[in-house]
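Architecture at a glance
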Amino acid sequence: MPGFEIIDNKEQEAVNQIFEEGGILFAHGFDAMRKSFHVREFEEKSKKAFNAKNALAVSSGTAAIKVALKSIGVLPGDEVITQAFNFIATIEAILDCGAKPIIANVNDSLNMDVKDCETLITKKTKAILPVHMLGVPCDMDSIMELAKKNNLKVLEDNCEAVGAKYDDKYLGLIGDVGAFSFDFGKVITCGEGGLVLTNSSSIDKYAREYHDHGHENNIELPRGRDSRSIYGFNYRMTEMQAAVGKVQLDKLTFIIQENTKRMNALVSNIPSGIKCRLIPKKSSPINDTFIFFIDSENERQKYISTLIELGFGTKNLPDAMEWHCAAFWDHALPENQVARSILTKNLLTKAIAVPIWLRKNVEDYEMLAEKLFKDMK
Ligand SMILES: *Cc1c(COP(=O)(O)O)cnc(C)c1O
C-alpha cells in the first residue's frame, strides 16, 4: 500500500508546527528565527531507520538518482547499464549527466537479468544501476560480484522498495549509493521528495554540495560566505516535505507489516498452476504488489476485468506499462536498445500486478484469491 492511504492529522500537525514556530520553510540558515530543522531531523531519522552512515534529503527520487550519478563520478560519454523494466526517470537522470543509458533485459523476477547485464559491459561502462521494481530486491549478490570484477560503481534505484532488505541489509546501502523516492504513489510519501543514502563519506560530501549549488555548509561561516569547490544545482528538500516525511517514516514498519499480512492471505490461496513473479533468494520484499503471469491474452483480460470489478484495480501492469518499459522509449533511447527491450516487453505483456491496499483488509485478499482463480479449482 502507498503511504498516502494513511495520511492523517499527524502529518497535518507536523506541517502546522512549522507555521506555529514562525514559518521558516527553508532547510538552511535563519538560525536566530527558528526552533527546528526539519530536513536535518528527517536525515537523522532516515540514517537510523535504514542503518546508513549518511542520508541526504532531496527534492525528488529523480533528483536523488541524478545527484547519486554525479557523486559516483559519472561523466559525459560514460555508459551506465540499467534495466528494461524501470521508470523513465533513471534514463532521464543518466542522459542529464551526458552519459549513455544501456538497457539490460529483466528475467522472471522482473528485475535486472545480471547475465544480460554482463554482456553489455564495455570499456566505457562506469556504473550499474539496478532498479528494485515494485517492492522486490534485485539479485544483489550477483550484481555486486559483477561490479567488483569489472571495477564498476553500483547505484541502487530503490524508489519502489523503500524498507525492503536483501541478506538482512536495507536496499540502497548494498551498492555504493542508493536513491529513494517519496512521491505520492510510493510506500511512504511527502508529496514529492527523495533521499540519497550512502555509507561513503566522500560520496555523501559530493552529493551534499552538488544538490545545493556547491555550498559546503561550512559551520564556521555564515551561509552567504560559504566555501565552495564544485558547482551544482538546486535539488533541496523543503521543511514542509521533511516534516511530513518524518511522520511517514514512523509509519513504514506498520505499512510493511500490514502489506505482508494481506500478501500472505493472497499468496496462500493461489492455485499451484499459476506462475508468479520469482522472488530472489535472501530478499525481504515490502509486499506492496503481487505479480502473476497469464499466457493467453484473452484470459489475462478476464483477470484484469475481475480485479477492476472487485475494486482492487491493477498497478502499472498493464495500466502504466508505457512509462515502465524501455521498449516504448524511442523518444529517449537509440533504436537498437528499444529493439532489444522487446524481450522484457513480451514478459511484461503477460504480467498482471495486483496492488496491496490498506483500505482492503486481510479477508478481502483471501476472497480475491477465491474469486480470481475460481475456475482453476
Ligand atoms: C518513482 C520512481 C522514480 C522517481 O521518483 P520521483 O520522486 O517521482 O522523481 C525513479 N525510479 C523509480 C523506479 C520510480 O518508481
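The coordinates are above.
Note that the structure is predicted; figures quoted are calculated from it, not measured.

Rules behind the numbers
Residues numbered from 1 in each chain as written. Predicted model: local features only at pLDDT ≥ 70, side-chain atom pairs only at ≥ 80, totals over all residues. Heavy atoms only, no water. Helix = DSSP H or I, 4+ residues; strand = E, 2+ residues; numbered from the N terminus. Rg over C-alpha atoms; globule rule 2.2 N^0.38 Å. Buried < 20%, exposed > 50% of the residue type's maximum accessible area, 1.4 Å probe, protein only. Contact = heavy atoms within 4.5 Å. Areas by Shrake-Rupley, 256 points an atom, 1.4 Å probe, with all protein chains shown as cover. Lys, Arg positive; Asp, Glu negative; His and termini not counted. Charge placed at Lys NZ, Arg CZ, Asp CG, Glu CD. Pairing = 2+ DSSP bridges. Near = heavy atom within 4 Å. Polar contact = N/O pair within 3.5 Å; in protein donor to acceptor, adjacent residues only side chain to side chain. Nonpolar A, V, L, I, M, F, W, Y, C, P; charged D, E, K, R; others polar. Phe/Tyr/Trp six-rings, centres within 6.5 Å; stacked < 30°, edge-to-face > 60°. Lys NZ or Arg CZ within 6 Å of the ring centre and 35° of its normal.

**Regarding the overall build of the chain**
Along the chain, the regular secondary structure elements total 13 helices and 13 strands. Radius of gyration (C-alpha) of the chain: 21 Å, near the 21 Å computed for a compact globule of 377 residues. C-alpha extents for the chain along the principal axes are approximately 70 × 55 × 35 Å. Considering the chain as a whole, with its 377 residues, one finds that 55% of them fall into the buried category. Pairs at least 24 apart in sequence give 68% of the contacts found in the chain among residues at least 6 apart. As displayed, the chain offers around 16,700 Å² of accessible surface, 52% of which is attributable to carbon and sulfur atoms. Distance between charge centres in the chain, computed from 46 positive and 52 negative side chains, equals 3 Å.

**Side note on the side chain of Lys66**
Looking at where Lys66 falls in the secondary structure, it is placed in helix α3 (residues 61–71). Classification of Lys66 as buried rests on a relative accessible area of 6%. When sequence neighbours within four positions are dropped, the list of residues in contact with Lys66 reads Ala93, Asp96, Cys97, Tyr210 and Tyr235.

**Regarding the sheet that holds strand β7 (residues 169–170)**
The strand order across the open sheet formed by three strands is β7-β6-β11, and the pairing between neighbours is antiparallel. Where the open sheet ends on each side, the last strands, each with one partner, are β7 and β11 (283–284).

**Quick look at the site of the ligand**
With respect to spatial proximity, 14 residues lie near the ligand, and among them Thr62, Glu160, Ser181, Asp183 and Lys186 are the closest. Here Gly61 contributes a backbone N or O atom positioned 2.7 Å from an oxygen atom of the ligand. Within the side chain of Asp157, one N or O atom sits 2.7 Å away from a nitrogen atom of the ligand. Summarising the interface, the protein chains cover 93% of the accessible area of the ligand, which totals 380 Å² for the free molecule. If one sorts the elements of the shell around the ligand by residue count, α3 sits on top with three residues. Across the shell around the ligand, the residue classes tally to five nonpolar, five polar and four charged.

**Describing the packing of aromatic side chains**
For the structure on display, the rule yields 13 aromatic pairs. Here Phe4 and Phe184 contribute two aromatic rings whose centre-to-centre distance is 5.2 Å and whose plane-to-plane angle is 20°, an arrangement assigned as stacked. Of this pair, Phe4 sits in the segment before α1 (9–20) while Phe184 sits in the loop between β8 (177–181) and β9 (194–198), and the two are 180 residues apart along the sequence. Accessibility expressed as a relative area gives 32% for Phe4, which makes it partly exposed. For Phe184, a relative accessible area of 44% corresponds to the partly exposed category. Here the aromatic rings of Phe292 and Phe373 are separated by 5.5 Å at their centres, their planes lie at 70°, and the arrangement is edge-to-face. You can see Phe292 sitting in strand β12 (residues 289–293) and its partner Phe373 sitting in the segment after α13 (362–372), a full 81 residues away along the chain. As far as burial versus exposure is concerned, Phe292 and Phe373 are alike and both buried. An aromatic cluster is built from Tyr206, Tyr210, Phe233 and Tyr235, whose rings are joined through pairwise contacts. Sitting above the plane of the Phe37 ring, Arg40 keeps its charged end 3.8 Å from the centroid.

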